[in-house]
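Secondary and tertiary structure notes
Letter by letter, the chains look like this.
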Amino acid sequence: MKRNRSLGIGLSLALGVAFALATQGVSFAAAGDPDPGFGTGGAASVAVTSLNDTGNVVRRSDGSLVTIASGGTDVSFAGVSKTGDPLTVHSVTVPGASQVNIVDAELAPNDEVVGAGYASMNSGPEPFVVVRFKKNGLPDDSFSNDGVAVIKFPHHDSSAYGVAVLP
């Protein structure tokens, strides 16, 4: 299942995800005119290495736009501030994976971000993967010790195509 690569955000902000190794954002002032106060001429981008897939783009309480991207064996937190300045990209490696795909991301309490997807493993069935990043973008080490939970079902491949966060 492939997700729409052009993702919308409510209010007057929109963030599209370009899969040429960068996450790009665009802000509109009114009637489709680019917002000159956002990034450069209304557009902003964040470089993310080995990008294959991304979860939803979510708007945090401070106005920043963030997502969880995946590629190779890494999962990365990426985003831009409300003015379009890139946020620091933080990554975590999924142990034992040969390929990771995060397909959904949601905002958790305290502006943390949770993502879900699946991984191809070096051996055994494919598990689903859940990741959690703190507000500062670092992997949440209180969640499964390194911010990554790999959930395997014996003898069956599994995939997570969505994530819901309850308060």
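Here the structure is a predicted model, which is why all the values come from computation and not from measurement.

1. Considerations on the overall build of the chain
The helix and strand inventory of the chain stands at 0 helices and 14 strands. When the helices and strands of the chain are listed from N to C terminus, the series reads β-β-β-β-β-β-β-β-β-β-β-β-β-β. Within the span of the chain, comprising 167 residues, buried residues form 45% of the whole. For the chain, restricting intrachain contacts to residue pairs at least 6 apart in sequence, the fraction spanning at least 24 positions comes to 47%.

2. Thoughts on the nonpolar core
General note: in soluble globular proteins, nonpolar side chains tend to be found buried as a group. The biggest cluster of nonpolar side chains holds 18 residues, and the ones touching the most others in it are Ile68, Val75 and Val131. Mapped by element, the contributors of at least two residues to this core are strand S8 (65-71), strand S9 (74-80), strand S11 (97-107), strand S12 (113-121) and strand S13 (128-133). Take this core: its biggest share by element is 4 residues, from S11. In this structure Val75 touches Ile68, Ala69, Ser70, His90, Ser91, Val92, Val94, Val100, Ile102, Val131 and Phe133, once residues within four positions along its chain are discounted. Within the second largest apolar cluster, 10 residues are counted, among which are Val48, Val57, Ala69 and Ala78.

3. Details of the side chain of Ser76
Mapped onto the fold, Ser76 is located in strand S9. When its relative accessible area of 4% is taken as the criterion, Ser76 is described as buried. There is a polar contact of 2.5 Å between the side chain of Ser76 and the side chain of Ser91. Excluding its chain neighbours within four sequence positions, the residues that come into contact with Ser76 are Val48, Thr67, Ile68, Ala69, Val89, His90, Ser91 and Phe133.

Cut-offs applied
Residues numbered from 1 in each chain as written. Predicted model: local features only at pLDDT ≥ 70, side-chain atom pairs only at ≥ 80, totals over all residues. Heavy atoms only, no water. Helix = DSSP H or I, 4+ residues; strand = E, 2+ residues; numbered from the N terminus. Buried < 20%, exposed > 50% of the residue type's maximum accessible area, 1.4 Å probe, protein only. Contact = heavy atoms within 4.5 Å. Core = buried A, V, L, I, M, F, W, Y, C linked by side-chain atoms within 4.5 Å. Polar contact = N/O pair within 3.5 Å; in protein donor to acceptor, adjacent residues only side chain to side chain.

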